[in-house]
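# Structural overview for review
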Amino acid sequence: MAKASKPSEAPESAAEEASNSSSSPKTPSIEIPQSLSVRQLAALLQVSAVDIIKQLMRTGIMANINQVIDYKAAAAVATATGYEVRPQTVRELASAIGEVKRRQQLQDKQLGGLRPRPPIITIMGHVDHGKTRLLDAIRQTNVMATEAGGITQHIGAYQVEVNGQKVTFLDTPGHEAFTAMRARGAQVTDITVLVVAADDGVMPQTLEARDHAQAAGVPIVVAINKIDKPNANLELVKQQLADAGLLIEEWGGDTVCVLVSAKEKTGITELLENILVVAELEELKANPSQPAVGVVIEAGMNKTKGPLATVLVHTGTLRLGDTVVVGTTWGRVRAMFNDMGKRVRKAEPATPVELLGLNVVPQVGDTLTVVAGERQARALIQERLQEAEQQPSLLLKSVRLDNLFDQISAGKIKELNVILKTDVQGTIEPIRSSLEQLATEEVQVRIIHSGTGNVTESDVMLAAASKGLIIGFGVGSEAGARRLASTGGVDIRHYDVIYNLVDDVGKALKGLLEPSYVEVIVGRAEVRAIFSSGKKTKVAGAYVIEGKVSRGISARVRRQEEVVSESVVNSLRRFKDDVKEVVSGYECGVGIEDFNEFEVGDILEFFRREKAS
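Calculation rules
Per-chain numbering applies: the sequence of each chain, read as written, is numbered from 1 onward. The predicted nature of this model means local features are confined to residues of pLDDT at least 70 and side-chain atom pairs, given and counted, to a pLDDT of 80 or more, with totals for whole chains, interfaces and linings taken over all residues. Think of the side-chain values as coming from all heavy atoms in the structure, minus any hydrogens and water. Buried Ala, Val, Leu, Ile, Met, Phe, Trp, Tyr and Cys residues that are joined via side-chain atoms within 4.5 Å together make up what is termed a nonpolar core. Three labels apply to residues, based on accessible area from a 1.4 Å probe with only protein chains included: buried if under 20% of the type maximum, exposed if over 50%, partly exposed otherwise in between. Helix numbering and strand numbering both begin at the N terminus, where a helix is a DSSP run of H or I of at least 4 residues and a strand a DSSP run of E of at least 2. Any pair of residues with heavy atoms lying within 4.5 Å of one another is described as a contacting pair. A pair of strands is treated as paired once DSSP finds two or more bridges between them. Every axis corresponds to a line fitted to the C-alpha atoms, with the helix fit spanning only the stretch in contact, and the corresponding angles, defined between N-to-C directions, vary from 0 to 180 degrees. By convention in these notes, a salt bridge is any Lys or Arg side-chain nitrogen within 4 Å of a carboxyl oxygen on Asp or Glu.

## A few points about the nonpolar core
Leu134, Ile138, Phe169, Leu271 and Ile275 are the most contacted members of the largest nonpolar core, which totals 28 residues. Of all the elements, helix α10 (residues 268-282) adds the most residues to this core, at seven residues. What Leu134 contacts, discounting residues up to four positions off in sequence, is Ile123, Val195, Ala223, Val260, Ala262, Ile268 and Leu271. Listed in part, the 23 residues of the second largest apolar core include Leu420, Leu435, Ile447 and Leu501.

## Regarding helix α4 (residues 71-81)
Within α4, the full set of buried residues consists of Ala73, Ala74, Ala75, Val77 and Ala78. Positive backbone phi, approximately 105 degrees, marks Gly82, located one or two places after α4.

## Comments concerning the pairing of strand β24 (residues 492-495)
Both strand β23 (residues 469-473) and β24 contribute to a ladder of four bridges, which runs parallel. Note that in β24 the partner of Gly472 across the bridge is His494.

## A closer look at the sheet that holds strand β19 (residues 352-358)
Working definition: the strands of a sheet are paired by backbone hydrogen bonds and lie parallel or antiparallel to each other. One closed barrel holds the six strands; their spatial order is β13-β14-β19-β17-β16-β20, and the pairing between them is antiparallel. Ignoring strand direction, the axes of neighbouring strands in this sheet form an average angle of 45 degrees.

## Let's talk about the environment of Asn570
Secondary-structure assignment places Asn570 in strand β28 (residues 562-574). The class of Asn570 is partly exposed, set by a relative accessible area of 43%. Measuring from C-alpha to C-alpha, the distance between Asn570 and Ile553 comes to 8.4 Å, with 17 residues separating the pair along the chain. Sequence-distant contacts of Asn570, defined by excluding residues within four places in its chain, comprise Arg551, Gly591, Ile592 and Glu593.

## Comments concerning the pattern of salt bridges
What the rule picks out here adds up to 25 salt bridges. Between Arg446 and Glu415 there is a salt bridge, and its shortest N-O distance comes to 3.6 Å. Remark: Glu415 occurs in strand β21 (residues 415-422) and Arg446 occurs in strand β22 (residues 444-452); sequence separation between them is 31 residues. On the accessibility criterion, Arg446 (26% relative accessible area) is partly exposed. Exposure remark for Glu415: the relative accessible area of 37% places this residue in the partly exposed category. Between Arg573 and Asp578 there is a salt bridge, and its shortest N-O distance comes to 3.4 Å. Each of Arg482, Arg483, Arg524, Glu546, Arg556, Arg558, Glu566 and Glu605 takes part in a single network of salt bridges with overlapping partners.

Below you can see the structure in the form of structure tokens.
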């Protein structure tokens, strides 16, 4: 039995073995050379370069798409991807590189001419944390070394070269300028470098810059500066960053963090290399063969050259002699200069240039568009002027609680962006939690920035850029913020009771909120003298500094930002004559009903209330 059964068992086990071998495919093998670039490895493994970079980062290697890595690193990536690896000969490598080029050409054709472009970087952070010095260190380390005797020309932006790749830096004064450009529709930044001083840590402006970058959907790279200082406390700063929602990679998060000293010029190379890694993950591309479209990042009048504008090309290529429309002006590009002051004949995507040839000085944030000729330029300007008449504000209209439900129903918004300002820090979390719980299937409630203190112009800019609204709890609004909100249609809501705040937002989400009235500031005047007008009546001798004042208009008296009275204008005179209104630039006598306690320096604010649209 045993002998008879063995032959029959052999075929069964052989069949079983054959079945097993056919059901479990063999591990694919690949040949890798002693060294190759990340792009070449991605093509060989038939995966995206982004996946390769991520895998290398996990093994502690920071590499960009063009960086060459050795066989050991490449083999580790290939093995992790599921390949069996063996070394490759030089001839095999040449064949593989040829295949890479063919694939790249095919990919470029499929993408319709899109090519990788340099990343555009904005540096932000708290005042005195070293933003300017870091920019100077980057410029000196990576530009001056390659430009013998070069003199850096301040044009608001500049380019550096790292491992053969260009990086563009915007030299903006801070997050307000960054957000102001967003509010005008110009999204120019790809990556934000958030500078935090090692001896000072995370500060209110650090958090504000973080919120502005996150609201724009821009990835953040943290640069911990001033590590050379004896009182630097790196662990404390890292903990503060984690508390601020920026968990660094060293602590298991996904925020890239680099230690630098702008003073000693250390860590600069590592910072730039990490910026390139993040840029690779963003897969930034543009088509250089199209007519150029860009944005003005700086502008001014030169006594000898005339109107000058620094333009950051977004897509396409700007060439000498091109006819361009910039905002509501036009001209022909007579000359272009790079950040080293050298004349250039063309500017490709993500390249900043100062151009000469416009008729008048444009505004920062204006869009540049290349057109066929003068006729097309004038037609485009006319179109933009008509749009400006219909929409006088340069700010994008923000959402209002009054029309929130209509916009949700129309599918125009999926998120309600809220800027929250409170009187004390402890109030922020309860309000945030209560508002976020109001989210529905149709719309999420998102607090994009929170802080203590009065509503500022920066808050209004962020609301305008993010199409959000502002909620103040137990705080007021600065004069500039009120003026900007009125001009830009930004909804500012003030509350003193949390229940009322949450109830209003909840009703707005359901379309149950009653229409509200908004305040429109029509003018302001400064009290410069005080006169008696009868036994117990006093009149303010005032100078109208903006807008106008008219009899019967609502008025409030402000003394160092504090409102001391709110009433109406019951008398208005120019010299000895009663008048109906007085415009800016003129003096007048103003009487406020039931108020006589004027002081020199008081600001009279004149306003009317209108039903919110």
